[in-house]
Amino acid sequence: MRTMQDLTNYNTFGVHATANSIRAFHNLEELKHLIKISKNQNFMVLGGGSNVLFTQNYSGVILKNAMKGIMVIGQTEEHVFVKVEAGENWHEFVLYAIQQGWCGIENLSLIPGTVGAAPMQNIGAYGVELEQVFEHLHALHIETGEMRRFSHAECNFAYRNSFFKQGGKGKYIITSVVFRLDLTPNFNTSYGAIESTLETWGVKELSLKIISDAVIYIRKSKLPDPAKLGNAGSFFKNPSIPQIKYQDLKERFPEMPAYELPNDEVKVPAAWLIEQAGWKGHRRGPIGVHAKQPLVLVNYGGGDGRKIKKLAEDIRLDILFKYDIDLEPEVNMI
Ligand code: EPU
């Protein structure tokens, strides 16, 4: 009988599931070899496992990206171009960039996951999205085994979305990402929570380090540490709705916040909807809705992926019923 591999430590939700096997690759040759020998079964690449929910066992091979390396490949007076291998830990890369004095990703401190997974969902936080510092990436086309370079435009970035979650889903494996970082600081402290934290700290002079520290402080105060409490960050995306629909809702719910978008739409914070609907801190045995940030579903220990999915579905239906807004999951469910 074949021994199954336990995936509990391979997903930040910490849910139990199994796969046929887990194989790490450290370079392109190893990756190509693994794909070749896995051809007759399913396989999926896992980065940090921080945006995935296993709702069942995976009948296939998990390929774990362990490609490492950070290299400067170009420089102008204003910018440095840095090529980062996909298996690098995102936050460690952010800290490295800060140390080097490279600007642009300090607001994205402490986001769990790997560099290779970052463009897939165009990670974003505190007023900055990955696409703002993205130059191009390299990916392996699974079917042909050929490498392809993707420009910014070809990645088709949108809010928590890219070509790799759409038409390119399951077809490519991102192997490295090139970033264009600023050599002269261009701090972005517009996000309310950053501004107020810096004010409370009495910060007089901005630096990359102090902004990163503020972001880390804010994240730690709101978002559960996956090492201590299983979660995959925001479970849902913040929904966009037409202005006209928002005006109607605003009459019924005068407190409903919204952020204007350029296209006659507004973005409503899903956390507000979920909190108002009474789900904040809701608990169902070993799983629940985080008490400090209701957009985050949590596994207190021993939680089942299917039950987390069911909880998410119940929340989605409740929000649809109460506000006629359909929440879309951000987390990739397997
Ligand atoms: N809010 C509530 N109750 C709460 C928390 C928030 O009503 O308990 C409302 C408030 O109106 C608040 C608004 O939600 O102003 C926004 O809250 P917050 O600043 O915490 O951000 P978010 O929209 O809930 C998004 C990202 C996070 C990212 C933060 C900071 C998505 C799906 N999530 O959350 O990203 O860290 O902004 O920029 O866009 C992730 O993707 O996994 C993630 C954690």
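Residues numbered from 1 in each chain as written. Predicted model: local features only at pLDDT ≥ 70, side-chain atom pairs only at ≥ 80, totals over all residues. Heavy atoms only, no water.

1. As for the pairing of strand β6 (residues 70–75)
Judged from the five bridges that link them, β6 and strand β7 (residues 79–85) form a sheet pairing that is antiparallel. By the bridge assignment for β7, Val72 is matched with Val82. Counting the residues between successive antiparallel strands, the hairpin from β6 to β7 contains three residues. (Pairing = 2+ DSSP bridges. Helix = DSSP H or I, 4+ residues; strand = E, 2+ residues; numbered from the N terminus.)

2. Description of the sheet that holds strand β18 (residues 287–289)
One open sheet accounts for four strands, arranged β13-β19-β18-β17; its pairing is antiparallel. The outermost strands of the open sheet, each flanked by one partner alone, are β13 (230–234) and β17 (283–284). When β17 meets β18, the two strands line up antiparallel, connected through two bridges. By the bridge assignment for β18, Arg284 is matched with Ile287. Relative to β18, helix α8 (residues 305–323) is tilted by about 30°, and along the sheet it contacts β17, β18 and β19 (296–299). (Contact = heavy atoms within 4.5 Å. Axes fitted to C-alpha atoms, helices over the stretch in contact; angles between N-to-C directions.)

3. Description of the packing of helix α2 (residues 90–100) against helix α5 (residues 208–222)
Where α2 contacts α5, the axes come no closer than 9 Å and their chain directions differ by 155°. Classified by the angle between their axes, α2 and α5 sit roughly antiparallel to one another. The two elements α2 and α5 cross, and the hand of that crossing is left-handed. In this structure, α2 contributes His91, Leu95 and Ile98 to the contact, and α5 contributes Leu208, Lys209, Ser212 and Ile216. When grouped by side-chain class, the residues that make up the contact of α2 with α5 number four nonpolar, two polar and one charged. (Parallel < 35°, antiparallel > 145°, perpendicular 65-115°, else oblique. Left-handed = near helix turned anticlockwise from the far one by under 90°. Nonpolar A, V, L, I, M, F, W, Y, C, P; charged D, E, K, R; others polar.)

4. Some remarks on the domain arrangement of the protein chain
Taken domain by domain, the protein chain holds domain 1 (5–65), domain 2 (70–182) and domain 3 (230–333). The gap between the C-alpha centroids of domain 2 and domain 3 is 27 Å. Surface buried jointly by domain 2 and domain 3 totals about 470 Å² across both partners, of which 33% is contributed by carbon and sulfur atoms. The three residues of domain 2 that bury the most area against domain 3 are Tyr159, Arg160 and Lys165, which together make up 77% of that side's buried surface. Between the two partners, domain 2 and domain 3, sit one salt bridge. On the surface where domain 2 and domain 3 come into contact, there are two residue pairs in polar contact (both at pLDDT 80 or more). Its residues assigned to classes, the side of domain 2 that touches domain 3 shows one nonpolar, two polar and three charged. (Domains from an automatic or database assignment. Buried area = accessible area lost by both parts, 1.4 Å probe. Salt bridge = Lys/Arg side-chain N within 4 Å of Asp/Glu carboxyl O. Polar contact = N/O pair within 3.5 Å; in protein donor to acceptor, adjacent residues only side chain to side chain.)

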